[in-house]
Amino acid sequence: QDDTIQGPFIVHETKEHLDNYAKNEIILHWGEWWHQSFHDRYEYYMSPRFVGDGGPDSVLLNGRSIYANTSINAAGAASPDCKGFTYFDVEPNKTYLVRVIGALTFRTLGIAVQGHDMTLVEIDAEPVQPHKVAYLELSAGQRMAFTITTGNHAAGSVFPILSNYRYRGQGLGYTPNGYGFLRYVDPAVTNKQESVSFLTTPLVKDLPDNI
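Residues numbered from 1 in each chain as written. Predicted model: local features only at pLDDT ≥ 70, side-chain atom pairs only at ≥ 80, totals over all residues. Heavy atoms only, no water.

Caption draft 1: Representation of the overall build of the chain. In terms of regular secondary structure, the chain is built from two helices and 12 strands. Start at the N end of the chain and walk to the C end: the helices and strands fall as α-β-α-β-β-β-β-β-β-β-β-β-β-β. Burial analysis of the chain (211 residues in total) assigns 40% to the buried set. Long-range contacts, defined as pairs at least 24 residues apart, comprise 74% of the intrachain contacts of the chain with a sequence gap of at least 6. For the chain, the exposed area adds up to about 11600 Å²; of that, 52% sits on carbon and sulfur atoms. (Helix = DSSP H or I, 4+ residues; strand = E, 2+ residues; numbered from the N terminus. Buried < 20%, exposed > 50% of the residue type's maximum accessible area, 1.4 Å probe, protein only. Contact = heavy atoms within 4.5 Å. Areas by Shrake-Rupley, 256 points an atom, 1.4 Å probe, with all protein chains shown as cover.)

Shown next as structure tokens:
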């Protein structure tokens, strides 16, 4: 299932609902990517050699990520096969609805946004009583939505969107490449957009202790 085409499909109840949310909506579509063919993985899972699932080689956000030094060519530029990290442009002092989709197969991910309070408002298409959370736990097939209110940060300020493996011993537990970024823009000169930039080192610091 993880090797097929995947992407978000959002159904709004009414045109008014669409008008209210579409302009200030961010979609985080999380997926796993194994750097081998399905047939090779299937053969391993079904063979006497199987001792457990080692997890994906990459965690993708909206279909993009980097992968260690193989993502960089000799000139220090991004490889054509590397799509880089996804950046989401946001404006200061605005509230955004963030939709989270777990297009995952094996892992449960912890999701957090550095420096921004998250207010959970929906689980699996059902509204819930809004309440603040330090992070979300996202499992295979699960969908959630939360709101964030941006601060009064200068244009160019960047805050990482982070993921970590839950319920699995793996060092600090952070995924090796499952990241995205909020990037503040000047509303007078730039429209909100999703874009791609290449970074060799994610900005990971000041995280909640319990993520």
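Caption draft 2: Representation of the pattern of salt bridges in the model. Scanning the entire structure with this criterion turns up eight salt bridges. Across the pair Glu 122 and Arg 99 runs a salt bridge whose closest N-O atoms are separated by 4.0 Å. Note that Glu 122 is positioned in strand β6 (residues 118–123) and Arg 99 in strand β4 (residues 95–103), a separation of 23 residues in sequence. In this structure, the salt-bridge partner of Arg 143 is Asp 124, at a minimum N-O distance of 4.0 Å. Residue Arg 143 is found in strand β9 (residues 143–149), and its partner Asp 124 is found in the loop between β6 and β7 (126–133); the two are separated by 19 residues along the sequence. (Salt bridge = Lys/Arg side-chain N within 4 Å of Asp/Glu carboxyl O.)

Caption draft 3: Structural view of the environment of His 35. By secondary structure assignment, the location of His 35 is in the loop between β1 (25–33) and α2 (38–45). The class of His 35 is partly exposed, set by a relative accessible area of 32%. Along the backbone, His 35 and Ser 58 are 23 residues apart, and their C-alpha atoms lie at a distance of 7.9 Å. Apart from residues lying up to four places away in sequence, His 35 is in contact with Asp 57, Ser 58 and Tyr 67. Separated by 2.8 Å, the side chains of His 35 and Ser 58 make a polar contact. (Polar contact = N/O pair within 3.5 Å; in protein donor to acceptor, adjacent residues only side chain to side chain.)

Caption draft 4: Structural view of the packing of aromatic side chains. Under the criterion given, the structure shown has eight aromatic pairs. For the pair Phe 38 and Tyr 42, a centre-to-centre distance of 5.9 Å together with 35° between the ring planes defines the contact as tilted. Remark: Tyr 42 and Phe 38 occur in helix α2; sequence separation between them is four residues, near one turn of the helix. The exposure class of Phe 38 is partly exposed, given its relative accessible area of 42%. Here the aromatic cluster, defined as three or more aromatic residues joined through ring pairs, consists of Phe 85, Tyr 87, Tyr 179 and Phe 181. Stacked on the ring of Trp 34, the Lys or Arg Arg 41 has its end atom at 4.3 Å from the ring centre. (Phe/Tyr/Trp six-rings, centres within 6.5 Å; stacked < 30°, edge-to-face > 60°. Lys NZ or Arg CZ within 6 Å of the ring centre and 35° of its normal.)

Caption draft 5: The arrangement of the side chain of Arg 99 in detail. Since its relative accessible area comes to 10%, Arg 99 is described here as buried. Within the structure, the side chain of Arg 99 is placed 3.1 Å from the side chain of Glu 25, a separation counted as a polar contact.

Caption draft 6: How the structure looks around the nonpolar core. In this structure, Ile 26, Leu 28, Trp 30, Val 100, Leu 136, Phe 146 and Leu 182 are the most contacted members of the largest nonpolar core, which totals 27 residues. In terms of nonpolar packing, the next biggest core, distinct from the first, is built from six residues, Phe 85, Tyr 87, Tyr 179 and Phe 181 among them. (Core = buried A, V, L, I, M, F, W, Y, C linked by side-chain atoms within 4.5 Å.)

Caption draft 7: Representation of empty space enclosed by the protein in the model. Evaluation of the coordinates by the stated rule reveals one cavity of 30 Å³ or more. Its boundaries defined by the atoms lining it, the largest cavity holds a volume of some 30 Å³. For the largest cavity, the full set of lining residues is Ile 26, Leu 28, Val 98, Val 113, Phe 146, Ile 148, Ile 161 and Leu 182. When residues of the lining of the largest cavity are traced back to their parent elements, those giving at least two are β1 and β9. Among the residues forming the lining of the largest cavity, the class breakdown is eight nonpolar, no polar and no charged. (1 Å grid on protein atoms, 1.4 Å probe; cavity = no way out; pocket = protein on both sides within 12 Å on 5 of 7 lines; lining within 4 Å. Points joined across faces, edges and corners; volume = space filled by probe spheres on them. Nonpolar A, V, L, I, M, F, W, Y, C, P; charged D, E, K, R; others polar.)

Caption draft 8: Examining the sheet that holds β4 more closely. Strand order in the open sheet formed by six strands is β2-β1-β4-β9-β6-β7, with mixed pairing between adjacent strands. On the outer flanks of this sheet lie β2 (58–61) and β7, each paired with one strand and no other. Neighbour-to-neighbour, the strand axes of the sheet open up by a mean angle of 25°, direction not taken into account. In this structure, β4 lies alongside β9, joined through seven bridges in antiparallel fashion. By the bridge assignment, Leu 97 is partnered in β9 with Thr 147. (Pairing = 2+ DSSP bridges. Axes fitted to C-alpha atoms, helices over the stretch in contact; angles between N-to-C directions.)

In short, the description is geometric, and any link to function would need to be established separately.
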